[in-house]
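# Tertiary structure, described
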Amino acid sequence: MDNHEALGGYLRARREQLEPEDVGLISGGRRRVRGLRREEVAMLAGISTDYYVRLEQGRNQTPSTQVLDALAAVLRLDADSIAYLHALATPPTSARRPARRRERVSAGTLRFLDALPMPALIHDRRFTVLAANRMATALSPNNSPGINLLRAVFLDADERELHRDWSRVTTDAVAGIRAVSATHLDDEVLTALVGELSIASAVFRQLWARHDVHLRTGGTSLLDHPEVGPLDLRHEKLTVAGTDGQTLVAYHAEPNSPSADALQLLGTLAAHARR
C-alpha cells in the first residue's frame, strides 16, 4: 500500500465512525451509508466533493496543509491522529533506505537497564523486545529479547490472562503500531506482522480496521501475576536517543502500596531463581 491508498483508507475509516449529529448536521432519517457521507465531509471542509472522492480513492492527490487541517477538524481528530494524517499525506522520499541491519542496544544502555531496580525493557518500533532486565522477564516471560509484544498479547493465552485490562491493552497497542506505520509503509517486517495478526486474531483485525492512532508515553498496567497476585503498576515509555524508534519501558508501583510489596516479592523470587 502506498501513501495515497493509506490516506484514502484512513479518511474513509474516520468518516464512517462519525454520525451527522457529531458534526452539527441533521441525519434526515434512514441513511444508506454508515457514518458521514462523502459530500458532507467535503462541504464541512470547504472542498469540492469530487476532490474529496479522489482523496478517498487514493488517486494521486497531495492535499495542502490547509486542506488536511480542515479535514482533521471535520473528522474530530486529536493531536496524534492529526500528525498521522499529515504523515500519510507526505510523499515518500525517493532516496534509497540503507540496508536493514540487526538492531542492537548500546552497551551503556544495557548497563543502565540492568541497574534499574524495577522491571524494564527496550523494544523497537515494531514492539519486538531487544533487551530486558531480570525483573521484566519475571513480570512476564514474553518480556524477553526476540519476542514481539504485539504478537504475544494477541496470540499467547498466558499473556492474555496476565492482563486484567486486556481489552484496553490491545486497543492501545494497535493504535500505537498504527501510528508507527504511517512513516514506515515500506517496512516489510511490520507489514508481515500486521498480516499475520489480521489472519490469526479477529480482535486485532477489528481494531486495525478502526484506524485509531495514539502515541502513549505512559499509563497504568493492571496485572494478575501467577506468583505474586494483583499488581497495579505505572509504566513509563522513554525514547532512546540516537536510535530508530527504540523505546525503554519501565514499570513501578505506588510507594508503600500492596503492589509495591508484591513487586518487591517478585524481585526476591527472580533473584533466587537466578542462583
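Since the model is a prediction, treat every value here as computed from it, not as a measurement.

## As for helix H3 (residues 49-56)
Each turn of an α-helix holds 3.6 residues, which means side chains three or four residues apart point in the same direction. Extensive coverage of H3 is indicated by the burial of 6 of its 8 residues. Taken together, the buried positions of H3 are Tyr51, Tyr52, Val53, Arg54, Leu55 and Glu56. On its buried face, H3 is in contact with helix H1 (3-16), helix H2 (38-45) and helix H4 (65-74). Where H3 terminates, the next one or two residues include Gly58, which has phi positive at roughly 65°.

## So, the nonpolar core
Leu11, Ile47, Leu71 and Leu85 are the most contacted members of the largest nonpolar core, which has 30 residues in total. Taken together, the elements giving at least two residues each to this core come down to H1, H2, H3, H4 and helix H5 (79-89). Beyond its immediate chain neighbours, meaning those up to four positions away, Leu11 contacts Tyr52, Leu55, Glu56, Leu71, Leu75 and Leu85.

## Considerations on the packing of helix H11 (residues 188-200) against helix H12 (residues 202-210)
To characterise two packed helices, one gives the angle between the axes of the helices and the distance between these axes. Close contact between H11 and H12 brings their axes to 5 Å; oriented N to C, the two are set at 120°. It follows from the interaxial angle that H11 and H12 lie oblique. Residues Val194, Leu197, Ser198, Ile199 and Ala200 of H11 lie in contact with H12, whose contacting residues are Ala202, Phe204, Arg205 and Trp208. Its residues assigned to classes, the contact of H11 with H12 shows 7 nonpolar, 1 polar and 1 charged.

## A short note on the packing of helix H10 (residues 166-181) against H12
Here H10 crosses H12 at 50°, and the two axes come no closer than 10 Å. As far as their axial angle goes, H12 and H10 are oblique. Our pair here, H10 against H12, has a crossing hand that is right-handed. Residue-level contacts link Trp166, Thr170, Thr171, Val174, Ile177, Arg178 and Ser181 of H10 to Val203, Phe204, Leu207 and Trp208 of H12. Residues that form the contact of H10 with H12 fall into these classes: 7 nonpolar, 3 polar and 1 charged.

## Observations regarding the sheet that holds strand E3 (residues 218-225)
Strand order in the open sheet formed by 5 strands is E2-E1-E5-E4-E3, and the pairing between neighbours is antiparallel. Two strands in the sheet have a free side with no partner beyond their single neighbour: strand E2 (129-132) and E3. Taken over all neighbouring pairs, the strand axes of this sheet differ in orientation by 25° on average, direction set aside. Where strand E4 (residues 229-239) meets strand E5 (residues 247-252), 6 bridges bridge the pair, whose relative direction is antiparallel. Across the sheet, Leu238 pairs through a bridge with Leu248, a residue of E5.

## What to know about unusual backbone geometry
Glycine aside, residues mostly have negative phi, and peptide bonds are mostly found in the trans state. Residues other than glycine seldom take positive phi values, yet Arg76 does so here, at roughly 60°. Mapping Arg76 onto the fold places it in the loop between H4 and H5. Arg76 sits in the partly exposed class, given a relative accessible area of 49%.

## Overview of the pairing of E3
The sheet contact formed by E3 and E4 spans 8 bridges and is antiparallel. The residue of E4 that forms the bridge with Gly219 is His235. Joining the antiparallel neighbours E3 and E4 is a turn of 3 residues.

## A closer look at the environment of Thr268
Inspection of the secondary structure assignment puts Thr268 in helix H13 (residues 258-274). The class of Thr268 is partly exposed, set by a relative accessible area of 38%. Between the C-alpha atom of Thr268 and that of Met135, which follows or precedes it by 133 residues, the distance is 9.4 Å.

## Focus on the pattern of salt bridges
Close approach of charged atoms allows side chains of opposite charge to pair. The tally for this structure, following the rule as stated, stands at 15 salt bridges. Salt-bridge contacts for Asp244 lead to Arg125; the nearest nitrogen and oxygen are separated by 2.5 Å. Of this pair, Asp244 sits in the loop between E4 and E5 while Arg125 sits in the loop between strand E1 (120-123) and E2, placing them 119 residues apart in sequence. Taking the relative accessible area as the measure of exposure, Asp244 reaches 45% and is therefore partly exposed. For Glu196, the salt bridge is made with Arg151, and the minimal N-O distance between the two is 2.9 Å. Of the two residues, Glu196 sits in helix H11 while Arg151 sits in helix H8 (residues 149-155), which places them 45 residues apart along the sequence.

The rules behind each value
Every chain begins its residue count from 1, and numbering advances along the sequence as written. A pLDDT threshold of at least 70 governs which residues receive local features in this predicted model, and a stricter bar of 80 or more applies before side-chain atom pairs are shown or counted, although totals over entire chains, interfaces and linings include all residues. Only hydrogens and water are set aside; all other atoms, that is, all heavy atoms of the structure, feed into the side-chain values. A simple rule labels every residue: compare its accessible area, found with a 1.4 Å probe on the protein chains alone, to the largest value its type can have, and call it buried under 20%, exposed over 50%, or partly exposed in between. Counting from the N terminus, the helices are DSSP H or I runs at least four residues long and the strands are E runs at least two residues long. Only heavy atoms enter the contact rule, under which two residues are in contact if any of them lie within 4.5 Å. Within this scheme, the nonpolar core is defined by two criteria: the residues are buried Ala, Val, Leu, Ile, Met, Phe, Trp, Tyr or Cys, and they are joined through side-chain atoms within 4.5 Å. Inter-axis angles, ranging from 0 to 180 degrees, are taken between N-to-C directions of lines fitted to C-alpha atoms, where helices are fitted over the stretch in contact. Roughly parallel means an angle under 35 degrees; roughly antiparallel, over 145; roughly perpendicular, 65 to 115; everything else is oblique. Three residue categories are used. Nonpolar comprises Ala, Val, Leu, Ile, Met, Phe, Trp, Tyr, Cys and Pro, charged comprises Asp, Glu, Lys and Arg, and polar comprises the others, including Gly. Handedness of a crossing follows from how the near helix is turned relative to the far one, being left-handed for an anticlockwise turn of less than a right angle and right-handed for a clockwise one. Whether two strands pair comes down to DSSP finding at least two bridges between them. One speaks of a salt bridge when a side-chain nitrogen belonging to Lys or Arg is within 4 Å of a carboxyl oxygen belonging to Asp or Glu.

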